[in-house]
Amino acid sequence: MAISTTALVADLVPALNASSTANLTAATVAQLYESFNRTLEALAARGCFANYTESETLTAGDAVLALPTRAVALFYAAAKLSGGVWSPLEHWSRAKLEAYDPNFAATSDASPPVAYVVDLEAGQVRLYSKCTSDVTLTEAYTERPATVVADASIELPDILNDLLFLAAIRDVRAANGEEAMPDSAAAAGELAATIAGALAAYWSNQ
Amino acid sequence: MTLSEIRADAFRLLGEPATPAWWTAAEGTRAVNSAQRLFAALTFSIEQTTTVTLTGGSAWLLLPDLARFLVPLRVSIEGGARLMPTTFAALAASNARWQQSLGAPSLYANRGMLLAVTRQPASDTTLELLYAATPAALALDGDTPEIPVEDHGALAHGAAYLMALKAGGSVLKDAQSNLQRFYEAIQRRAAHVRARAVANAYDRMPYELKKV
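All values derive from a computational prediction rather than experimental measurement.

Caption draft 1: Region of the structure containing the side chain of Arg204 of chain B. Along the chain, Arg204 of chain B falls in the segment after helix H6 (176-200). An unpaired buried charge is present at Arg204 of chain B: no salt bridge exists, and Asp203 of chain B, the closest side chain of opposite charge, is 8.2 Å distant. Apart from residues no more than four positions distant in its own chain, Arg204 of chain B is found in contact with Ala201, Tyr202 and Asn205 of chain A together with Phe44, Val71, Pro72, Leu73, Asn110 and Ala197 of chain B.

Caption draft 2: Fine view of the sheet that holds strand S2 (residues 60-62) of chain B. Residues and elements named next belong to chain B. The sheet built from seven strands is open, its strands ordered S1-S7-S3-S4-S5-S6-S2 with mixed pairing. Strand pairing shows two members of the sheet lacking a second neighbour, strand S1 (47-54) and S2, which therefore form its edges. The sheet shows a mean angle of 35° between the axes of neighbouring strands, direction not considered. Taken together, the seven bridges between strand S3 (residues 69-77) and strand S7 (residues 125-133) define a ladder with antiparallel strand orientation. When the sheet's bridge partners are listed, Phe69 is paired in S7 with Ala133.

Caption draft 3: Looking closely at the interface of chain A and chain B. Tallying the contact residues gives 52 residues for chain A and 50 residues for chain B. Contact between chain A and chain B buries roughly 4300 Å² in total, counting both sides, with carbon and sulfur atoms accounting for 58%. Where the side of chain A that touches chain B is concerned, the elements lending two or more residues are helix H1 (5-15), strand S2 (50-58), strand S4 (71-81), strand S11 (135-143), helix H4 (159-176) and helix H5 (182-203) of chain A. It is H5 of chain A that contributes the most residues to the side of chain A that touches chain B, 14 residues altogether.

Caption draft 4: Examining H1 of chain A more closely. Regarding H1 of chain A, the residues found buried are Thr5, Leu8, Val9, Leu12, Val13, Pro14 and Ala15 of chain A. In the stretch just after H1 of chain A, Asn17 of chain A is the one whose phi turns positive, near 55°.

Caption draft 5: Examining the sheet that holds strand S6 (residues 90-91) of chain A more closely. Residues and elements named next belong to chain A. Read across the open sheet, the four strands follow the order S3-S9-S8-S6; overall the sheet is mixed. Only two strands of the sheet have a single partner each, and these edge strands are strand S3 (64-66) and S6. As defined by bridge partners, S6 adjoins strand S8 (residues 115-119) across two bridges and the pair is classed as parallel. Within the sheet, the bridge partner assigned to His91 lies in S8 and is Tyr116.

Caption draft 6: Layout of helix H2 (residues 25-43) of chain B. Taking 1.5 Å per residue, 19 residues should reach 27 Å; H2 of chain B reaches 27 Å between its end C-alpha atoms and fits that length. Following H2 of chain B by one or two positions, Phe44 of chain B adopts a phi angle in the positive range, close to 55°.

About the cut-offs
Residue numbers run consecutively from 1 along every chain, following the written order of its sequence. Going through the entries in the order they are written, you letter the chains from A and number the ligands from 1. Predicted model: local features are reported for residues with pLDDT of at least 70 only, side-chain atom pairs are reported and counted for 80 or more only, and whole-chain, interface and lining totals are derived from all residues. Note: side-chain values were computed over all heavy atoms of the structure, leaving out hydrogens and water. Under the DSSP-based scheme used, a helix requires at least four consecutive residues in state H or I and a strand at least two consecutive residues in state E, with every element numbered from the N terminus. Exposure is judged per residue with a 1.4 Å probe applied to protein chains only, and the accessible area is read against the type maximum: over 50% gives exposed, under 20% gives buried, and values in between give partly exposed. Note that His is not counted, nor are the chain ends; the positive residues are Lys and Arg, and the negative ones are Asp and Glu. Any carboxyl oxygen of Asp or Glu within 4 Å of a side-chain nitrogen of Lys or Arg constitutes a salt bridge here. Here, two residues are considered to be in contact whenever any of their heavy atoms come within 4.5 Å of each other. Two strands are counted as paired when DSSP detects at least two bridges linking them. Where helices are involved, their axes are fitted lines through C-alpha atoms of the stretch in contact, as for all axes, and angles between N-to-C directions lie from 0 to 180°. By definition, the buried area sums, over both parts, the 1.4 Å-probe accessible area that each loses when the two are put together. Multiply 1.5 Å by the residue count of a helix minus one, and that product is the helix's expected span.

Laid out in structure tokens, this is it:
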């Protein structure tokens, strides 16, 4: 069952003491979607959503490739040459790469790369070193779900319905400072944290 | 217990009549469903089995859309040997060529809905996946929850607390004891499931709830 954002917002109407979706202000609706996306981002940051690419080709002489769309971090990468065997790559920081080989951008080798450096801001992965022949790559990575928008259907496990619901009550009520509601926001937040903690324990196993 | 019975109990716990003025039946149903999902997620009291196809020669498998999936409890070759759980870090540390070792699968690692398997069978292979699941949503008044029948009463406590969230103030404070009762039932069931999981040598245990 996909999660319907329309249904989720409708479910939140009574919880926010409104009489109908139409009665929610545009600002509140915006807050709700901001909350949904922030909640999913937080879960993604804990490594709960994983994906992979296999047999991606890096042309001879290239060292940089784009990170998969919505990737948060790589947690496994391996490379091989045509007819060769997979060789896992080490995860290096940019500082380690520069210290190891100040001339890294020009270094090239006939062997497969040995390490990768992720530049999240640029959305790129740099392999070290460049290879004189084509390289095949496998990347396993954590990712963030697609941004949640109005009237969308999201293919996510059902339990996230409850997490998004509770986190939205927490966020909207806390933001609006409703009278006599801080306890309600805190209680919803506590339940949301319990669910998020359990899901992180279940889904971020490395 | 049926959905309507649990919902009526939840309203009663909030001091409301069977047809309350402050909450709707739809709110009650949503709260009961949410309570049951939360209960199942924290106890692994619902198990589902499905089969997935591992493509021949591939080490990777992204599980198809399993809306009710929580975590794998046991993975095995259909009608055959069981795969033992490990981690990606352990796979890479123990055998650099783990994703290119032909043979019968014996290990798996998972993260979210992603599974990695070693060794890799040469041809397509069906894996049997036993997983902890969340329940199907209750919709009709006569629907009964999937969690064990002894725990159906706890859903009224969980639902009452969830419904009290919108009221806040003294209503929420009064409902605090319902949350306590709900958590106690979760802990009892989770302890039972953990004992059973040890006996069955399942791969994962329910989340340890520190509350209470």
